[in-house]
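Per-entry structural report
Letter by letter, the chains look like this.
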Amino acid sequence: MAAGTSNYWEDLRKQARQLENELDLKLVSFSKLCTSYSHSSARDGRRDRYSSDTTPLLNGSSQDRMFETMAIEIEQLLARLTGVNDKMAEYTSSAGVPSLNAALMHTLQRHRDILQDYTHEFHKTKANFVAIRERENLMGSVRKDIESYKSGSGVNNRRTELFLKEHDHLRNSDRLIEETISIAMATKENMTSQRGMLKSIQSKMNTLANSPKIVFLL
């Protein structure tokens, strides 16, 4: 019976680690998508200054679709990991092995912390992406208004000139914000890599620490 319950616990841990690894990879890709969207928006804005073509770019639409798809996939993985954590919590409360409860609770808490970190990281990256996209849509609307105004009767050139200067000022401010977000994303990716290394080291240390107890019970 003890061997059966132990196998059940190890199976849950295996599922949790697999889902965590999948989430780690997905979140890195999700972060890169946000960063590339920011960079492409800046390039497109500079190109629009010298072009009268106001047709929406396919690249932006493609990235929007990728964003929606990846967001759904990550949400599903988070939900599955939450379910596994809940099963682990149920097991620790009814394991019937008091001498191991402390070790099991410690392991469960680590998996809960990882889930919380991934959930926070996902929502933060998603919010950044949405903010960039909304800001770009606003700037695109401004560009269209400018082009429409320029293609009119040609009067009020001074007002058009001021409008263009204000648009350039907004674009420069937008570029600074995008650069700040890019730096933050790069820092986050570095931290994610370090966290993966620490998680691997911690897992090995826990395996070594729990080995004597498992052998004794068997």
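All figures in this text were calculated on a predicted structure; none of them were measured in a lab.

Each value, and the rule that gives it
Residues numbered from 1 in each chain as written. Predicted model: local features only at pLDDT ≥ 70, side-chain atom pairs only at ≥ 80, totals over all residues. Heavy atoms only, no water. Helix = DSSP H or I, 4+ residues; strand = E, 2+ residues; numbered from the N terminus. Buried < 20%, exposed > 50% of the residue type's maximum accessible area, 1.4 Å probe, protein only. Contact = heavy atoms within 4.5 Å. Salt bridge = Lys/Arg side-chain N within 4 Å of Asp/Glu carboxyl O. Phe/Tyr/Trp six-rings, centres within 6.5 Å; stacked < 30°, edge-to-face > 60°. Patch = residues over 30% accessible without salt bridge, like charges linked within 9 Å, V, L, I, M, F, W, Y side chains within 5 Å. Areas by Shrake-Rupley, 256 points an atom, 1.4 Å probe, with all protein chains shown as cover. Core = buried A, V, L, I, M, F, W, Y, C linked by side-chain atoms within 4.5 Å. pLDDT = per-residue confidence, 0-100.

1. What to know about the overall build of the protein
Per the secondary structure count, the protein includes four helices and zero strands. Listed N to C, the secondary structure of the protein is α-α-α-α in terms of helices and strands. A total of 218 residues make up the protein; the buried ones form 33% of that total. Within the protein, contacts between residues separated by at least 24 positions form 84% of all contacts whose residues are at least 6 apart in sequence.

2. Comments concerning the pattern of salt bridges
Enumeration according to the criterion identifies four salt bridges in this entry. Here Glu73 ties to Lys26 by a salt bridge, and the two come within 2.5 Å at their closest N and O atoms. One end of the pair, Glu73, is in helix α2 (residues 58–93); the other, Lys26, is in helix α1 (residues 2–48), with 47 residues separating them in the sequence. Among the ionic pairs, Asp64 bridges to Arg133, the shortest N-O distance being 3.6 Å. One end of the pair, Asp64, is in helix α2; the other, Arg133, is in helix α3 (residues 98–150), and 69 residues separate them in sequence. Classification of Arg133 by relative accessible area gives buried; the value is 17%.

3. A short note on the side chain of Thr35
Along the chain, Thr35 falls in helix α1. Classification of Thr35 by relative accessible area gives buried; the value is 16%. Contacts of Thr35, omitting those with residues within four sequence positions, involve Ser182 and Met185.

4. Topic: the packing of aromatic side chains
Within the structure shown, the criterion is met by five aromatic pairs. Ring geometry for Tyr8 versus Tyr91: centroids 5.9 Å apart, planes at 50°, classification tilted. Taken together, the residues span a long stretch of sequence, with Tyr8 in helix α1 and Tyr91 in helix α2 at a distance of 83 residues. Summarising the aromatic geometry, the rings of Trp9 and Tyr91 are spaced 5.2 Å apart at their centres and angled 25° between planes, so their arrangement reads as stacked.

5. Here we look at a nonpolar patch on the surface
On the surface, Leu198, Ile201 and Met205 cluster together into a nonpolar patch covering about 320 Å² of accessible area. Here Met205 is to be found in helix α4 (residues 157–217).

6. So, the nonpolar core
By size, the foremost hydrophobic cluster in this structure holds 31 residues, and its most contacted members are Leu23, Phe30, Ile74, Leu78, Met88 and Phe122. Elements with a contribution of two residues or more to this core: α1, α2, α3 and α4. Among the elements that line this core, the one with the most residues is α2, at eleven residues. Other than its neighbours up to four places away in sequence, Leu78 contacts Leu23, Leu115, Tyr118, Thr119 and Phe122.

7. Considering the confidence of the model for the protein
Put simply, the protein has an average pLDDT of 76, and 68% of its residues get 70 or more. Mean pLDDT across the elements of the protein ranges from a minimum in α4, with 69, to a maximum in α2, with 88. Confidence drops under pLDDT 50 across residues 46–58; counting only partners more than four residues distant or on other chains, this segment forms ten contacts. Counted against residues more than four places away or in other chains, residues 213–218, with its pLDDT under 50, gives four contacts.

8. Some words on the environment of Glu73
What makes Glu73 partly exposed here is its relative accessible area of 29%. Measuring from C-alpha to C-alpha, the distance between Glu73 and Lys26 comes to 8.3 Å, with 47 residues separating the pair along the chain.

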